[in-house]
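Architecture and fold: a report
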Amino acid sequence: MSPILETRGLSRSFHGLRAVHDVDFALEAGEIRALIGPNGAGKTTFVSMLIGRLAADAGQVIFEGRDITALPDHRRVALGMAYTFQITSVFSRLTAAENVALAARRRLGGDRAAVAREVATALERTGLAGQGEVAAEDLSYGHQRLLEIAMGLAQHPRLLILDEPTQGLAETEIAAFKALVRDLAGQTTILLIEHNMAVVMELAHRITVLNFGEVLAEGTPAAIRADRAVQEAYLGTEAAHG
Ligand SMILES: Nc1ncnc2c1ncn2[C@@H]1O[C@H](COP(=O)(O)OP(=O)(O)OP(=O)(O)O)[C@@H](O)[C@H]1O
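In short, a report on the structure. (Residues numbered from 1 in each chain as written. Predicted model: local features only at pLDDT ≥ 70, side-chain atom pairs only at ≥ 80, totals over all residues. Heavy atoms only, no water.)

1. Side note on the overall build of the chain
Looking only at helices and strands, the chain has nine helices and 10 strands in total. Since a compact globule built from 242 residues should have a radius of gyration of about 18 Å, the 18 Å found for the chain is in line with a globular shape. Each of the three principal axes of the chain carries a C-alpha extent, and together these read 50 × 40 × 35 Å. In the chain, of all internal contacts separated by at least 6 residues, the share reaching a separation of at least 24 is 64%. When the accessible area of the chain is evaluated, it comes to approximately 11,200 Å², of which 51% is carbon and sulfur surface. (Helix = DSSP H or I, 4+ residues; strand = E, 2+ residues; numbered from the N terminus. Rg over C-alpha atoms; globule rule 2.2 N^0.38 Å. Contact = heavy atoms within 4.5 Å. Areas by Shrake-Rupley, 256 points an atom, 1.4 Å probe, with all protein chains shown as cover.)

Here's what the structure looks like:
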């Protein structure tokens, strides 16, 4: 099976600091992959190059066999990459349903019935069915983050990139998020950038560990947990105790 997303030799420096260096990465369709690493490891820089928010100094990004390295972010979204929580901007005065409808219209255009169906489905899947008429700014923080996922889902992405999705969520909301990701698995490929190790270990099929801008290790949660180099990289950090 060919990967849905691949990087070859992807690199980016800032004033001589190698934030991401020569990263080869491959994501299989349908998998849930976690990208982890200590603070400053290069996760944000790497993902920013995947989604086209940041230009690479060297290397390639390949999505479904196509070299997208030079494409702007909106073209990548149109190809089927959805990145929460930065591409999908929530309009705080609009209701949850109106926000999801905006995202759905990007894919469905003016077909009102199809947009309404899509809105209902996305709100239902994210557990927000009862909040559709609530202004986004009046939703709890956790529900606002779920709304961003609902907006991502409404675009029917083939690759959903979730950046720190559980940050700031309450335990019950994290449980709901885990159920949602499990429900999505198999239908869409998920790349999860996450600091919460319990969430990573529970959800990911495979984990890629970045450290000092390079891939330190890659493997199943059990293999990563047992990996000496990973343990050392995390030693003394919060994640080591997660
Ligand atoms: N725009 C920038 N200008 C200068 N240095 C940067 C910039 N963006 C990132 N860096 C540096 O690149 C390195 C990697 O940062 P990055 O934010 O990608 O790491 P990260 O793994 O996402 O960290 P965190 O978990 O703290 O979000 C860090 O040393 C950071 O200071």
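Moving on, there is more to tell.
2. Remarks on the pairing of strand S2 (residues 17-27)
Bridge count for strand S1 (residues 5-14) against S2 is seven bridges, and the pairing is antiparallel. Counterpart to Arg12 in the pairing with S2 is Val20. (Pairing = 2+ DSSP bridges.)

3. Digging into the sheet that holds strand S3 (residues 32-36)
One open sheet accounts for six strands, arranged S6-S7-S8-S3-S9-S10; its pairing is mixed. Every interior strand has two partners, whereas the edge strands, strand S6 (81-84) and strand S10 (214-219), have only one. Shown here is a sheet whose adjacent strand axes are inclined to one another by a mean of 20°, direction ignored. Inspection of the sheet shows S3 paired to strand S8 (residues 189-193) by four bridges, in the parallel sense. The residue of S8 that forms the bridge with Ala34 is Leu192. Against the sheet, helix H5 (residues 141-153) makes contact with S6 and strand S7 (159-163), and its axis sits at roughly 170° relative to S6, the strand it touches most. (Axes fitted to C-alpha atoms, helices over the stretch in contact; angles between N-to-C directions.)

4. Focus on the packing of helix H3 (residues 96-108) against helix H4 (residues 112-125)
If you want to describe how two helices pack, look at the angle between their axes and the distance between the axes. One way to put it is that H3 packs onto H4 with a least axis distance of 9 Å and a crossing angle of 125°. The orientation of H3 with respect to H4, classified from their angle, is oblique. For H3 against H4, the interelement crossing comes out right-handed. Taking contact as the criterion, the partners of Ala96, Ala97, Val100, Ala101, Ala104, Arg105, Arg107 and Leu108 in H3 are, on H4, Ala114, Val115, Glu118, Val119, Ala122 and Leu123. Split into classes, the residues belonging to the contact of H3 with H4 amount to 11 nonpolar, no polar and three charged. (Parallel < 35°, antiparallel > 145°, perpendicular 65-115°, else oblique. Left-handed = near helix turned anticlockwise from the far one by under 90°. Nonpolar A, V, L, I, M, F, W, Y, C, P; charged D, E, K, R; others polar.)

5. With respect to the side chain of Glu173
Of note, Glu173 is situated in helix H6 (residues 171-184). Arg145 provides the closest opposite charge to the buried, unpaired Glu173, separated from it by 9.1 Å. Setting aside its immediate chain neighbours within four residues, Glu173 contacts Ser140, Gly142 and His143. (Buried < 20%, exposed > 50% of the residue type's maximum accessible area, 1.4 Å probe, protein only. Lys, Arg positive; Asp, Glu negative; His and termini not counted. Salt bridge = Lys/Arg side-chain N within 4 Å of Asp/Glu carboxyl O.)

6. A closer look at the site of the ligand
Taken together, the residues surrounding the ligand are Phe14, Leu17, Ala19, Pro38, Asn39, Gly40, Ala41, Gly42, Lys43, Thr44, Thr45 and His195. Note that an oxygen atom of the ligand is positioned 3.1 Å from one of the backbone N or O atoms of Ala41. Lys43 places a side-chain nitrogen or oxygen 2.7 Å from an oxygen atom of the ligand. Burial of the ligand by the surrounding chains reaches 60%, relative to a free accessible area of 630 Å². The set of elements that each furnish at least two residues to the shell around the ligand consists of S2 and helix H1 (43-51). When residues in the shell around the ligand are grouped by element, the largest group, three residues, is from H1. For the shell around the ligand, the residue count by class is five nonpolar, six polar and one charged. (Near = heavy atom within 4 Å. Polar contact = N/O pair within 3.5 Å; in protein donor to acceptor, adjacent residues only side chain to side chain.)

7. Describing the sheet that holds strand S4 (residues 58-63)
Within the open sheet, the four strands sit side by side as S2-S1-S4-S5. Their pairing is antiparallel. The sheet terminates laterally at S2 and strand S5 (66-67), the two strands that pair on one side only. The pairing of S4 with S5 spans two bridges and is antiparallel. The residue bridging Phe63 from the neighbouring strand is Arg66, located in S5.

8. As for the nonpolar core
Residues Val100, Leu147, Leu162 and Phe177 are the most contacted members of the largest nonpolar core, which totals 34 residues. For this core, the secondary-structure elements that each account for two or more residues are H3, H4, H5, S7, H6, S8 and helix H7 (197-203). Aside from chain neighbours lying at most four places away, what touches Phe177 is Ile149, Leu162, Pro165, Thr166, Leu169, Leu192, Val199 and Leu203. (Core = buried A, V, L, I, M, F, W, Y, C linked by side-chain atoms within 4.5 Å.)

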